[in-house]
Amino acid sequence: MQTYTEKTVIPAFPQASARVQALLAQMTIEEKAAQLVGYWLDQGGEVVAPMQSEMSGSAPSGALADITRHGIGHFTRVYGTRPVDPAERAAWLWSEQRRLQTETRLGIPALVHEECLTGLAAWKAATFPTPLAWGASFDSGLVEEMALSIGDSMRELGIHQGLAPVLDVIRDPRWGRVDECIAEDPYVVGVLGTAYVKGLQAAGVHATLKHFVGYAGSRAGRNHAPVSAGPREVADVFLPPFEMAVIDGGVRSVMNSYAEIDGVPLGSSAEYLTELLRERWGFDGVVVADYFAVAFLEIMHRIASDRGEAAQAALTAGIDVELPTGDAYLEPLIERVGAGLFDEAFIDRAVLRVLTQKEDLGLLEAGAFAQGPPAEIDLDSPRHRDIARRLAEESVVLLSNDGVLPLTGTSSTVAVIGPNADRAEALMGCYSFANHVLAHHPEYPIGFEIPTVADALTAEMPDARVIGARGCDVEGDDRSGFAEAVDAARAADVAIVVVGDQAGLFGRGTVGEGNDSESLELPGVQRELVETLIATGTPVVVVALTGRPYAIGWALDGEHRAAAVLQAFFPGEEGGSALAGVITGRVNPSGRLPVSLPRSAGAQPYSYLHPRLGGPSDVTATDPTPVRPFGFGLSYTTFAHDLLAVDEEVSAGDAFRAVVRVTNTGSVPADHVLQLYGHDVVASVTRPDAQLLAFHRLTLDAGESADVAFSVPTQRFAFSDRSMVRIVEPGDVQVWVGADAATDVTRRAAVRITGAVHALTPVDPRSVSSEVIPG
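Scope of this entry: the structure provided in the associated data block.

Conventions adopted
Residues numbered from 1 in each chain as written. Predicted model: local features only at pLDDT ≥ 70, side-chain atom pairs only at ≥ 80, totals over all residues. Heavy atoms only, no water. Helix = DSSP H or I, 4+ residues; strand = E, 2+ residues; numbered from the N terminus. Buried < 20%, exposed > 50% of the residue type's maximum accessible area, 1.4 Å probe, protein only. Contact = heavy atoms within 4.5 Å. Pairing = 2+ DSSP bridges. Arc of directions from axis to C-beta. Axes fitted to C-alpha atoms, helices over the stretch in contact; angles between N-to-C directions.

1. Considering the environment of R423
Part 1 of the argument: Take R423: it is sitting in the loop between β11 (413–417) and α16 (433–436).
Part 2 of the argument: Overall, R423 belongs to the partly exposed group, its relative accessible area being 23%.
Part 3 of the argument: Along the chain, R423 and R470 lie 47 residues apart, while their C-alpha atoms are 10.0 Å from each other.
Part 4 of the argument: Contact partners of R423, with chain neighbours within four places excluded, come to T452, V474, D501 and Q502.

Here is the structure:
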C-alpha cells in the first residue's frame, strides 16, 4: 500500500458557500471525521448487510450523546433496521436532531438515510413492485410518480437520503440481486432509473445510484465475485445508465460497487469515482460507501493492511462518507493523519461535500426541526395503493396462452394451488421491509393490507367456487402435499398454480442479496408439482412469482405444456389483485420481459445485446437462444404496425425522425409497448444484432390507430472505438419496429449516417423523445 508522500496530488476543493467554509474552518479533525461516517443505532440486530455480524464487534458503545459528541454525518436506517412505530420513532428523531443542534459544539444535525428500493423500507410503509417489475412496465412516468410518493413519505419522517435506485445492468440471472435490477438493456435501465431519481428528488430526498459500477457482471453470477468485463463492456453497457442519471437526472449521491474490475476494487478507484464521475461527467454530489465497503478493502480485497490504509485508499479515490459506521474513517484515519502518512486536505474535501449536501437539504438552518414531526403519519395511503396497483397491473407478462385466459366464467370451480398462492411474502422483493427485516420478527404483522393471489381471486370471482392446496413449499423436496393438490385440480374446471421464489438475504430464501443460484430450475420440487397437475388433464395456468427469470421452457413449449403462463416479478402489495385482474380479464396484460427468459443455466451469461457470434450458429453445439426474448409479452388483443417512415439520411451527432403507425386490431382496449430497434450494419468493432433504440407505452381502444413519432439521436448508435473513445460512426444503420428483440421483421428502414465521426461529450443527448401525433 502506497503511503502519503509530498508527491501525492492534493485534491481540488469543491465549491462551497461561505457558511460551509466557515464551519470547516472551525472544525477539529475529530469533528471533521465525524461528519464522514454513519452511526447505526441497531447495528447488532438483524443481519441486513453482508458480513454484518462480523463487523458489528467494532461498533462504538455507550450513550448516544457520548458517541456523537463531535457530531455525526449520518444516522443509519433509523426506521429500517427493526420494527418501530413510525410516529414514535419520528418523535424520537426530531428530539435527537434538536440535541445535536444544541449539545454539540457546532450544532450540525445528522443526515438520515434509508433503503427505498421497493418503497420506504420501514414498518407499515407501502411496498411497491420490485425494480424488475418497473422494467416489465416500460413506464417511466409511472416509475417517477411512484418515486415521488416514496420520497414524500420519507421527507415526512425526517429522512433525507434514499439508497436507490439500482442501475446495475443484468448480465446473468443466476445472480441473486437480479430482482433489484431493472433490465438487461442499459437504455431501459437508464430511462427508468433516471425517472426514479427525478421523482425521489422532487420530494426533497436525495437519491443514491447503486452500485457504481459493474457489480452485476460478476463471474458466474456470484455475489461479490470479481468482474472480468473489458473496458468496452464497462463503457458501453455498465456506464450509460449512471451517466444518464448523473447528467440528465441530476442525482445527488452515488454508492460504490463492492466489485473489483480487473483486480481493482471500485472502492479504491479514483479513475471511476473521481476522474470519470466528477471530472468528466461533472457530478458534484456525495459518494457514499456501500455498507462496510471501506473495511472490505482490507478484509476481503486485501489491498490494505489495516483500516487506516483502507480509509486512505477509499478517501483518496473519492468515497466521501463511510457507511454504515466509522470503522475506518474515525480513529484509524485520524491516527494516519496524525502520523504524517496522509494529508488532511483529502478529509477537508469530503467534509465540504457533506456539509454542502446538508446545507442543500436545509439541515444547517436554525429552525430545521423547530416545528416537529407530523402528528399523524400514513405510509400506505390510498395514493400509494393506487400507484402500486397500476404499476403491478402494467408489469404482469403473459408468456403463453392457448385461449384459457381470461377466465370469463362466473360459476366455475377454480383450484388455486402452489407454495406462493396464499403467501403475502411471495409478492415482495428482497429489499421490502417484510422480507428484509420482519423475517426476523414473525411476531409482528406486515402492517398493511396485502391480499394474496388466493385472496384476490376469491374476491375477483365471487360466483366461482375457489378451492386451495399448497402442494409443496418453495424450497425442499417434501411431496406430501401433491395428493391434495391433484385432488383439487381434478375437482376444478381450471387450476391456477402459483410457483416461484421467496426473497431473502444471505441464504434466507431463494433469491435476493447473497442468494445466488447454480440452477435456473424452479426451486425445490415446484416443477414436478406443475407437471403432476398438468397430467391430470385439467387446464393449468402457471403463475411465476419470482425475482429472477427461470428456465421454464417446458411449461411454455413442451409436449405437456401449461394452458397459460404468467410472469410476475414480485409485484408488491397490490400484486395479488393485479394478477387476479389479469386472470379474469379485468386487466389486459401489457407487461414485457425486461430480461430474456433463459433456456438453461448453462446458456448463461446471455444478453440479447450480442453480436453475431454471441447467438446460435453452426460452429457450436450449444444454443443460448432464450425461450422468450427481451421485450416479449402477449395481450388479449392483437396489434399491427402499419407504417414505418424514417428519415433516410442524418449527420452524425444529429437526430433522425421515425414515425410508426400502430393499430389495435382486436376487440378489446389495451396498452401497447411500442419498441423501436436498430442495427449498425458495418462498424469498426462488432455491434449487437439488435439494439433497443426507444420505446413508448400507449393505450388504444379496439380498432384504434395512432402514429407515434420518435426523435432518435444518432448517439443511440454510439460505441467505444478501438481507442476507447465513444463515437457515432458514419455508415448505414437499420431501424425496425418489433414485438420484441427477436421478432423476424421483413421490413426494415435504412438510415445513412453521414459526415465525420462524432466523438461524444457530456452535452450530447442520451434519450429519445417520442410523442403521439394528433390524428
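2. What about the pairing of strand β21 (residues 705–713)?
Part 1 of the argument: The buried fraction of β21 amounts to seven of the nine residues, a majority that puts the element mostly inside the structure.
Part 2 of the argument: Where strand β18 (residues 655–664) and β21 come together, nine bridges link them in antiparallel fashion. Each residue of the ladder has a partner; that of F656, found in β21, is V712.
Part 3 of the argument: Pairing between β21 and strand β27 (residues 769–773): five bridges, direction antiparallel. Bridge pairing in β27 links V708 to V772.

3. Details of helix α18 (residues 482–490)
Part 1 of the argument: Those residues of α18 not exposed but buried are F482, A485, V486, A488 and A489. Projected down its long axis, α18 carries its buried residues within an arc of 160°, all on one side. For α18, the exposed residues set more than 90 degrees away from the buried face come down to A483, D487 and R490.
Part 2 of the argument: Of the surrounding elements, those touching the buried residues of α18 are β11, β12 (465–469), β13 (494–500) and α19 (526–534).

4. What about the environment of P240?
Part 1 of the argument: Locating P240 in the fold gives a position in helix α9 (residues 231–248).
Part 2 of the argument: Distance from P240 to G678, taken between C-alpha atoms, is 17 Å for residues 438 residues apart in sequence.

5. Focus on the sheet that holds β11
Part 1 of the argument: Strands sit in the order β10-β15-β14-β13-β11-β12 across an open sheet of six strands; the sheet is mixed. The strands lining the two open edges of the sheet, one partner per strand, are β10 (397–401) and β12. When strand polarity is set aside, the average angle formed by the axes of neighbouring strands in this sheet is 20°.
Part 2 of the argument: Where β13 and strand β14 (residues 540–546) come together, six bridges link them in parallel fashion. By the bridge assignment for β14, I496 is matched with V541.
Part 3 of the argument: Sitting on the sheet, α19 touches β11, β13 and β14, and the angle it makes with β13 is about 170°.

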